[in-house]
Amino acid sequence: VDMTARIGSLTLPNPLMTASGCAAAGRELHQFFDVGELGAVVTKSVMTAPRSGRDTPRMAETDSGMLNSIGLQGPGIDAFVEKDLAWLREVGARAVVSIAGSSVQEFRDLAARLADEPGVAAIEVNISCPNVANRGLVFACEPTSAASVVAAVRAVLPPTIPLLAKLSPDVTDIVEIAAACVSAGADGLTMINTLLGISIDVDRMRPRLAGLTGGLSGPAVRPVAVRCIWQVQAAMLAGRLPTVPIVGVGGVRTGLDALELVLAGACAVQVGTVAFHDPSAPLRVRDELAKAVQERGFSSFMDAVGHAHRVL
Ligand code: RRO
């Protein structure tokens, strides 16, 4: 079965990617498998300056998923370019670089810096981090804010670098946000970031995370991801916004989980939380998805994308 995935001008050997944040630049995973085998490695969102992130504890396991309030810890763009991007090039991985800014100007500067660097397969603008100090900085929660980031980044990137906008599930109307991003020049949409949550330790009778709220990931959010992908794909099919590729992410642990996102409309799938206890999961999911697609009679992966919307 032909597993080639197309995201605008970008052609990938397969649709499996890491999810941003779950494996930094992929070094940890490379101990377990060759990250060059993936469709792409999506890097942890990088900001202009180095950051230590939020206070600990900032990870909490719950029986319905993982909560994190990392708060954009990272090396900053200079060290990222010098060390991480160079390493990804060395190992032959396709790099989708996730960027995060606390202003439109910061997003633009980050994109301008990356525009001239070799080895950037695509940019994912993270406008949906739930762990920013001020909810007003979650650009993906408001259509005009989302559009202003996307337009500013698109303006400084060459047309050869696709721009993905990563959306938040914590919005009233995901289609409205998606449409604003596409109108502003997004070449694709990544859905979804984590879902805002709180967990309380009933023994200590206090919140588990130092920062109180965190982003929920893992299997519990998969139906939310499927719903967001479904709604945006349905709106595209109905002509309510131009058709662009959707990259699906949310609680995928197996090939059949990935297939669910694909049938809803995703033409690539990111794997995150499961890799914390099964580091080779992204590659396993690739192989399981290939088998599942073939077993259902598709000769190419792209034929399965959005199949569940088809009228019989
Ligand atoms: O670093 C984080 O706390 C974080 C980010 Br940037 C994000 O986009 N999603 C998330 O769950 N955590």
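In case you missed it, the structure is sitting above this.
Attention here is on the structure that accompanies the text. (Residues numbered from 1 in each chain as written. Predicted model: local features only at pLDDT ≥ 70, side-chain atom pairs only at ≥ 80, totals over all residues.)

## What to know about the sheet that holds strand β11 (residues 195-198)
The cut-off we apply is this: We treat two strands as partners when DSSP finds at least two bridges between them. A helix here means a DSSP run of H or I that spans at least four residues, while a strand means a run of E at least two residues long, and both kinds are numbered starting from the N terminus. Lines fitted to the C-alpha atoms define the axes, with helices restricted to the stretch that makes contact. Angles between their N-to-C directions range from 0 to 180 degrees.
Sheet architecture is open: four strands sit in the order β5-β6-β14-β11, paired in antiparallel fashion. Edge positions in the sheet fall to β5 (59-62) and β11, since each of these pairs with one other strand and no more. Sheet twist, expressed as the mean angle between neighbouring strand axes with direction ignored, is 35°. For strand β6 (residues 65-68) and strand β14 (residues 213-217), the ladder comprises three bridges, and the chain directions are antiparallel. Pairing of L67 across the sheet is with L216, part of β14.

## Observations concerning the packing of helix α5 (residues 174-183) against helix α6 (residues 222-237)
Our working rule: For classification purposes, angles smaller than 35 degrees are called roughly parallel, those larger than 145 roughly antiparallel, those between 65 and 115 roughly perpendicular, and all remaining angles oblique. Working rule for handedness: look at the near helix, and if it is turned counterclockwise from the far one by less than a right angle, call the crossing left-handed; if clockwise, right-handed. C-beta atoms are first placed from the backbone for all residues, and any pair lying within 7 Å is then listed as a contact. Gly falls in the polar group here, along with every residue not listed as nonpolar (Ala, Val, Leu, Ile, Met, Phe, Trp, Tyr, Cys, Pro) or charged (Asp, Glu, Lys, Arg).
Two elements in contact, α5 and α6, have axes whose closest approach is 9 Å; the angle formed by their N-to-C orientations is 60°. Between α5 and α6, the crossing angle belongs to the class labelled oblique. Crossing angle aside, the handedness with which α5 passes α6 is right-handed. Contacts between α5 and α6 involve I174, V175 and A178 from the first element and C228, Q231, V232 and A235 from the second. Considering only residue class, the contact of α5 with α6 consists of six nonpolar, one polar and no charged.

## Notes on unusual backbone geometry
Of note, the bond from T56 into P57 is cis; its omega dihedral lies within 30 degrees of zero at -5°. If you trace the backbone, P57 turns up in the loop between β4 (41-42) and β5. M191 connects to I192 through a cis peptide bond whose omega is 15°. Assignment of secondary structure puts I192 in the loop between β10 (188-191) and β11. Positive phi outside glycine occurs at A24, with the angle close to 45°.

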